[in-house]
Amino acid sequence: MLGVLPPEVILTILSFIPLRQLYRFLLVSKSWNTFILLNESSIYRAAAVLHGFIPANTKLHDADVSDVRITHVDSWKDLCIKFYRMERRWEGHGRARFSVVAAPGEAVWRFKVDGEQRTVITTHFNGGLQVSAINQDTILWSLPPVKVCAFAHCEYSDGFLVFTREGETLDIWRRTRDARTNSRPLTAEPDACQERANSVAWQSAQSASDNDRGAFIPWAAISPPTAVRALRLVHSTLLVASESAQAAYLYDVQSGRLKQTISFRNSHKPPVQVNYVELGSRHIFVCTMHNVLVCPMDANDSQTSLEFPGQIEGFHEFYETRAFLVDYGTNVPINSNTGGHSTLVECSVEQRLQRSVPSDQRNFRAGIPYLLSRQHSDTHRL
């Protein structure tokens, strides 16, 4: 092909070749090796676009600073190699590297990770909130203990940070770089307490020079109708659970608006103690001391709320079963009385058990998978 087609045509063809195959072209012959080395910049830039590492029409400097996971890029080839190695590691093919982020200190109470900006957000036993750079192990931005209460719970997703405040108000903050490019809805307004906290927020020179990396600004304040027991933020939806009201509230954090109220009160049973909550695409999950409640978010859903006991006696092993751990299974709490570990397992209806489950603990429905939960110290990890 070399010497027959014009170089422009060959470069266009190579722009559709993945990186692994490009490397093989270097080994074909000296002429191919020389051609690729001479056109290395354009070839690897096209490869970066092909693999989705960068958008089209992106300059090398912009590609270097747009993703904080990739630093010190000297060429398009260097950028492709670093992105490719990172993808291989996420797929489990590379070596894992362990490091310690010591900047937040030892009194960390809750933490969340911003994978895009490579930062870790922490609240502390004695109050305060810090945002630290994972790669440099330095504090980028912080709020003092007088503005963030001790043992504050925090949630983070898609650039929104939510943490608890003294009383029943929830603070919503947004990444500074995102807030600059997105207009604030009329319904979302920070309160005076947030404005005062923002006035004493500390930002490092490194953060200010790096496009406000790790910095946040106040966005809105939410005051749920009743006392907050647990909360969970998934994308732009905040799930707030109240033990006193036996209800869950769904908020849109972008607008600060209450979207829906879901009651999990059962008039035939005593109120449940809420330990943890999780949010799915169509259901909310409320973890209590003895069971897991699954409530549909759609009021027109024909399926009523389900309840799965935390312990089922009468079976110990599965036989020829198709089972897997549900992604929210690890959130089921440890029973302090038995020291056992709860695992929520989803099994197909066709499975057979070595020992029959008592009829009053079965939840079979024709053609519908059912959920079982085991709680034993020797729970099998299926």
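Being a predicted model, the structure only gives us computed values, none of them experimental.

Scoring rules and cut-offs
- Residues numbered from 1 in each chain as written.
- Predicted model: local features only at pLDDT ≥ 70, side-chain atom pairs only at ≥ 80, totals over all residues.
- Heavy atoms only, no water.
- Patch = residues over 30% accessible without salt bridge, like charges linked within 9 Å, V, L, I, M, F, W, Y side chains within 5 Å.
- Areas by Shrake-Rupley, 256 points an atom, 1.4 Å probe, with all protein chains shown as cover.
- Salt bridge = Lys/Arg side-chain N within 4 Å of Asp/Glu carboxyl O.
- Helix = DSSP H or I, 4+ residues; strand = E, 2+ residues; numbered from the N terminus.
- Buried < 20%, exposed > 50% of the residue type's maximum accessible area, 1.4 Å probe, protein only.
- Core = buried A, V, L, I, M, F, W, Y, C linked by side-chain atoms within 4.5 Å.
- Contact = heavy atoms within 4.5 Å.
- Pairing = 2+ DSSP bridges.
- Lys, Arg positive; Asp, Glu negative; His and termini not counted.
- Charge placed at Lys NZ, Arg CZ, Asp CG, Glu CD.
- Phe/Tyr/Trp six-rings, centres within 6.5 Å; stacked < 30°, edge-to-face > 60°.
- Axes fitted to C-alpha atoms, helices over the stretch in contact; angles between N-to-C directions.

*Asks:* Describe a nonpolar patch on the surface, listing the residues and the values that go with them.
*Replies:* Together, M1, V4, L5, V9 and I13 line one region of the surface with nonpolar side chains, adding up to about 410 Å² of accessible area. Mapped onto the elements, M1 comes out in the segment before α1 (7–14). For M1, a relative accessible area of 42% gives the class partly exposed.

*Asks:* Mind laying out the nonpolar core, listing which residues take part and the relevant values?
*Replies:* In terms of nonpolar packing, the biggest core is built from 21 residues, with L14, L19, L22, A48, F53, L79 and C80 touching the most fellow members. For this core, the leading source of residues is helix α6 (residues 76–90), giving five residues. Contact partners of A48, with chain neighbours within four places excluded, come to F53, I54, W76, L79 and C80. In this structure, V162, A188, I222 and Y249 belong to the second largest nonpolar core, which totals 18 residues.

*Asks:* Provide a residue-level description of the pairing of strand β7 (residues 170–175), including the pertinent values.
*Replies:* Among the six residues of β7, six are classified as buried, and the element is accordingly described as predominantly covered. Relative to β7, strand β6 (residues 160–164) runs antiparallel, the two sharing five bridges. If you follow L161 over to β7, its bridge partner there is W173. Count of turn residues in the β6/β7 antiparallel hairpin: five residues, of which G167 carries a positive phi of about 95°. Bridge count between β7 and strand β9 (residues 216–222): six bridges; the pairing is antiparallel. Each residue of the ladder has a partner; that of R174, found in β9, is I217.

*Asks:* Go over a positive patch on the surface, please, and point to the residues and values.
*Replies:* Where like charges cluster on the molecular surface, the positive patch consists of R85, R89, R95, R97 and R118. Among the structural elements, R97 can be located in the loop between α6 and β1 (108–114). With relative accessibility at 71%, the residue R97 sits in the exposed group.

*Asks:* Can you explain unusual backbone geometry? Please cite residues and give values.
*Replies:* Of note in the backbone geometry, D212 takes a positive phi value of approximately 60° without being a glycine. Note that D212 resides in the loop between α9 (205–209) and β9. With a phi angle near 55°, H235 is a residue other than glycine that sits in the positive phi range. Tracing the sequence through the fold places H235 in the loop between β10 (230–234) and β11 (237–242).

*Asks:* Explain the packing of aromatic side chains residue by residue, including any values.
*Replies:* In total, this model carries 11 aromatic pairs according to the counting rule given. A centroid spacing of 5.8 Å and a plane angle of 55° characterise the contact between W141 and F216, whose relative ring orientation is tilted. Here W141, found in strand β4 (residues 138–143), pairs with F216, found in strand β9; they are 75 residues apart in sequence, far enough to count as distant. For W141, a relative accessible area of 3% corresponds to the buried category. We classify F216 as buried; its relative accessible area is 4%. Seen from their ring centres, Y156 and F216 are 6.2 Å apart, and the 90° between their planes marks the pair as edge-to-face.

*Asks:* Please give an account of the side chain of D212 that cites residues and values.
*Replies:* The exposure class of D212 is buried, given its relative accessible area of 16%. Residues within four places of D212 in sequence aside, it is in contact with T176, R180, Q203 and S207.

*Asks:* Give me the sheet that holds β9: which residues, what numbers.
*Replies:* One open sheet accounts for four strands, arranged β5-β6-β7-β9; its pairing is antiparallel. Two strands in the sheet have a free side with no partner beyond their single neighbour: β5 (154–157) and β9. For this sheet, the mean angle separating the axes of adjacent strands, direction not counted, is 20°. Where helix α8 (residues 192–199) meets the sheet, it contacts β7 and β9, and its direction lies at approximately 165° from that of β9.

*Asks:* Explain the pattern of salt bridges to me, using residue names and the numbers behind them.
*Replies:* A full pass over the atoms with the stated rule returns 12 salt bridges. What you see here is one network of salt bridges that share partners, running through K112, E155, R232 and E278.

*Asks:* I'd like a rundown of the sheet that holds β11, residues and numbers included.
*Replies:* Read from one edge to the other, the open sheet built from four strands follows the order β10-β11-β12-β13, with strand pairing classed as antiparallel. What marks the edges here is a single partner per strand, and that holds for β10 and β13 (257–263). In this sheet, adjacent strand axes meet at a mean angle of 20° when their direction is disregarded. Two strands pair when backbone bridges link them, and β10 and β11 are joined in this way by five bridges, in the antiparallel orientation. Across the sheet, residue V234 finds its bridge partner in β11, namely T237.

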